[in-house]
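Close look at the chain arrangement
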Amino acid sequence: MSISKTADGIYKLTTNMEGILFEGIWEMPHGVALNSYVVRGEKTAIIDGFCGWDGVPETFFKMLDEMEVDFEKLDYVIINHIEPDHSGWIDEIKALKPDVEIICTKAAENLLKAFYGEIGRIRTVRDDDVVDLGGGRRLIFYCIPNVHWPDAMVTFDEQSGALFTCDAFGSFGLVEGEGYDEALSPDKRVFYEREAVRYYANIIATFSPFVKRAIEKCEKLPIKIIAPGHGIVWRKDPEKIIEDYRQYASYASTPARREVVLIWGSMYGMTQLAVKRIIETVEKSNVVFKVHQVPETSWGTVLASVLTATGVILAMPTYENKMFPPMAAVLDEIGKKKIQDRIAFRTGSYGWSGGAERELEAICDRHQINWQFLPSVEFKGKPSEEELDIIEKSVIKMIKEIDRLFTEKTID
Ligand SMILES: Cc1cc2nc3c(=O)[nH]c(=O)nc-3n(C[C@H](O)[C@H](O)[C@H](O)COP(=O)(O)O)c2cc1C
Ligand SMILES: [Fe+2]
Ligand SMILES: [Fe+2]
């Protein structure tokens, strides 16, 4: 755990975590950082987290000393969102300081009781409610339901302009150094942008309509610092991460970037012959192109690419009257994340009955996927030269369609 000063009277506690699957599902090739905060007025509040604390009281007191916090004045624990990555330490703090008051939304109170049982004093808050820490320091709360659970809220510190946002505006990626945006090199900026896309696609994408509402609400505040529960703190340019999130939320329901993603799987190399032609064709264009084989590539990586792509090419064979199973699993997950408005094309091999195409239709129906599909090209066994030519033409058509969309966007 590292402690750094975020603003006058505000400290950030950061813990890097790696080698785990987030939510037990999502691979994090570059780990994740968990942040919590301490805000000092005459009284002190802890906001989110404390994950890196080992639960030993001496460590806790040492941390408080480092932040010049008087234990007696530690009056509040603010829980913006109760998911255990932000609240897993609550029993230990309550054991040390039973009279501490927990501040959270009504929805969080219900969840806290379900997850931790009776945990003592709780004050529930709504939009515009205030906790006065004294010394001119007031914290104001705003609910942002479903970013990421129904209980979520943000906490605004009037004095510094810091908005503590928990899961909103977060990113994956371990944090080196103190983890503030002004210290990021251009390379690191690109790195955290990619990690923010991966985090958004994997954790937040399903809730994009709620993200839009949360942004509208937060934007009315005079924000000077965005202090999330995951990743980098934005204090030089808080507008940057807000704008990025606005874009990610829009990518879930409109054409995204001038990008094409090819997701493919093949057992004996028949579908792979089509994949080879697809790759050669797309590489002749200048769209950004990502290629992922399943099951070799994790769902999380595929989802991150689908979030930013406008064109999605699917290539997989039939397997036991259905779709090649790892592809069906990935598509199901894309459907659940409600990523809409893509231009898509599917190809693949079959032996006798086919079935992959039927399952694709079933998955699209199940999740009401509204993608605009070009006619699929299925081939028996190995693709013929004619079939490969039709596949090539379909891919060219997709790229032209994407180009048309983006030229129109530029003219706008
Ligand atoms: C385990 C297994 C199950 C299959 N089930 C079907 C099937 O139900 N219907 C069908 O038309 N082809 C089926 N096939 C045939 C494949 O779809 C066919 O071999 C195809 O060419 C495989 O393409 P690939 O080499 O790209 O994996 C099956 C193949 C395997 C290995
Ligand atoms: Fe969460
Ligand atoms: Fe979280």
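Residues numbered from 1 in each chain as written. Chains lettered and ligands numbered in written order. Predicted model: local features only at pLDDT ≥ 70, side-chain atom pairs only at ≥ 80, totals over all residues. Heavy atoms only, no water.

Before going further, it helps to examine the coordination of the iron ion (ligand 3). Each protein donor to the iron ion (ligand 3) is listed here as Asp85 (OD), His86 (NE2), Asp167 (OD) and His230 (NE2); together their distances run 2.1 to 2.2 Å. Relative to the metal, the four donor atoms surrounding the iron ion (ligand 3) lie at angles of 85 to 177°, and the coordination shape comes out irregular. Sequence spacing of the donors to the iron ion (ligand 3): D-H-x80-D-x62-H. Separating the iron ion (ligand 3) from the iron ion (ligand 2) is a gap of 3.6 Å, bridged by aspartate 167, which donates to each. Remark: aspartate 167 occurs in the loop between strand E11 (162–166) and helix H5 (186–204) and histidine 86 occurs in helix H2 (residues 84–87); sequence separation between them is 81 residues. (Donors = N, O, S within 2.8 Å, 3.2 Å for Na, K, Ca; no water. Tetrahedral: all angles 85-135°; square planar, octahedral: opposite > 155°, others 65-115°. Helix = DSSP H or I, 4+ residues; strand = E, 2+ residues; numbered from the N terminus.)

Turning our eyes to something else, we now look at the domain arrangement of the protein. Segmenting the protein into domains produces domain 1 (2–251) and domain 2 (259–404). Between the C-alpha centres of domain 1 and domain 2 there is a distance of 38 Å. With 12 residues of domain 1 at the interface, the matching set in domain 2 holds 14 residues. Across the domain 1 to domain 2 interface the summed buried area is about 1100 Å²; carbon plus sulfur atoms make up 62%. Seen at the junction of domain 1 and domain 2, the total is zero salt bridges. The interface formed by domain 1 and domain 2 contains five residue pairs in polar contact (both at pLDDT 80 or more). Those elements that provide at least two residues to the side of domain 1 that touches domain 2 are H5 and helix H7 (238–251). Broken down by element, the residue count for the side of domain 1 that touches domain 2 peaks at five residues, all from H5. Taken together, the residues of the side of domain 1 that touches domain 2 break down into eight nonpolar, two polar and two charged. (Domains from an automatic or database assignment. Contact = heavy atoms within 4.5 Å. Buried area = accessible area lost by both parts, 1.4 Å probe. Salt bridge = Lys/Arg side-chain N within 4 Å of Asp/Glu carboxyl O. Polar contact = N/O pair within 3.5 Å; in protein donor to acceptor, adjacent residues only side chain to side chain. Nonpolar A, V, L, I, M, F, W, Y, C, P; charged D, E, K, R; others polar.)

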